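Per-entry structural report
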Amino acid sequence: MSDAEISGFLSSQGLGILGLPTEGEPYLLPLSYDYDGDSRLYFTYLVGSESRKSKLSEGSENASFLVFSADSMFNWESVQLTGTLRKPRDDEATEPAEGAKRAWRPDLFQRADLSGGVEVYLFDIREQSGIKHTGLPPAFERAQDTASDDN
């Protein structure tokens, strides 16, 4: 995928898998996001007093994020991002512009007492790659080839 295709795909989605490093296996969690349309994702964590994702996020600057869509085994796309995960500085916005907000938010956010239980993290994209497959099932491709040979 080109950079423009990757940007368009990230803008059209709102959910992915965040991978945080640990001493053993990576810690993976599904997470909604907002995308600024350029080089940054915004994550909003709903945290408790013993939040593992918050502790791992603070303990490591590097992270990976995978966004994917699979309509069928013949029509799918995915984008892999690597970058720096960090809390925003005082002078940085903690949300993208209103038009860039696309994150899906679980109902839990609406029902929870958010006083003190929300943390915002910025994911500055360092590297990105994407792959897309849009094709027909092999039986349909063979049928089309046969049909064009008959003409």
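Quick notes on the rules
- Residues numbered from 1 in each chain as written.
- Predicted model: local features only at pLDDT ≥ 70, side-chain atom pairs only at ≥ 80, totals over all residues.
- Heavy atoms only, no water.
- Helix = DSSP H or I, 4+ residues; strand = E, 2+ residues; numbered from the N terminus.
- Buried < 20%, exposed > 50% of the residue type's maximum accessible area, 1.4 Å probe, protein only.
- Contact = heavy atoms within 4.5 Å.
- Areas by Shrake-Rupley, 256 points an atom, 1.4 Å probe, with all protein chains shown as cover.
- Pairing = 2+ DSSP bridges.
- Phe/Tyr/Trp six-rings, centres within 6.5 Å; stacked < 30°, edge-to-face > 60°.
- Lys NZ or Arg CZ within 6 Å of the ring centre and 35° of its normal.
- Arc of directions from axis to C-beta.
- Polar contact = N/O pair within 3.5 Å; in protein donor to acceptor, adjacent residues only side chain to side chain.

1. Looking at the overall build of the protein
When helices and strands are tallied, the protein shows four helices and seven strands. Walking the protein from its N terminus toward its C terminus, one meets helices and strands in the order α-β-β-β-β-α-β-β-α-β-α. Looking at the protein as a whole, 34% of its 151 residues qualify as buried. Of all intrachain contacts in the protein linking residues separated by at least 6 positions in sequence, the fraction that spans at least 24 positions is 73%. Accessible surface computed for the protein: about 9200 Å², of which carbon and sulfur atoms make up 49%.

2. A few points about the sheet that holds strand 3 (residues 34-35)
Pairing between sheet strands relies on hydrogen bonds along the backbone, with the strands arranged either parallel or antiparallel. Strands sit in the order 2-1-5-6-7-4-3 across an open sheet of seven strands; the sheet is antiparallel. Among the strands making up the open sheet, the edge pair consists of strand 2 (27-32) and strand 3. Pairing of strand 4 (residues 40-46) with strand 7 (residues 118-134) involves seven bridges; the strand directions are antiparallel. Residue pairing in the sheet places Tyr45 in a bridge with Glu119 of strand 7.

3. What about the environment of Ser7?
In this structure, Ser7 sits in helix 1 (residues 3-12). Along the chain, Ser7 and Gly130 lie 123 residues apart, while their C-alpha atoms are 9.9 Å from each other. In contact with Ser7, other than residues within four places in its own chain, are Tyr35 and Gly37.

4. As for the packing of aromatic side chains
Inspection of the entire model under this criterion finds five aromatic pairs. A centroid spacing of 5.0 Å and a plane angle of 55° characterise the contact between Phe43 and Phe65, whose relative ring orientation is tilted. Note that Phe43 is positioned in strand 4 and Phe65 in strand 5 (residues 62-72), a separation of 22 residues in sequence. Both residues of the pair, Phe43 and Phe65, count as buried. For the cation-ring pair, Lys53 lies above Tyr45, with the distance from its terminal atom to the ring centre recorded as 5.2 Å.

5. Details of helix 1
Among the residues of helix 1, Ile6, Ser7, Phe9 and Leu10 are the ones counted as buried. In a view along the axis of helix 1, the buried residues occupy a sector of 165°, so they form one face of it. Along its buried surface, helix 1 packs onto strand 3, strand 5, strand 6 (75-86) and strand 7.

6. Quick word on helix 2 (residues 52-59)
When we look at burial in helix 2, the residues that qualify are Lys53, Ser54, Leu56 and Ser57. Taken around the axis of helix 2, the buried residues stretch over an arc of 170°, which confines them to a single face. Away from its buried face by more than 90 degrees, helix 2 exposes Lys55, Glu58 and Gly59. Buried-residue contacts for helix 2 involve strand 1 (15-20), strand 2, strand 4, strand 6 and strand 7.

7. A closer look at the side chain of Ser57
Residue placement: Ser57 occurs in helix 2. At a separation of 2.7 Å, a polar atom in the side chain of Ser57 contacts the side chain of Tyr45.

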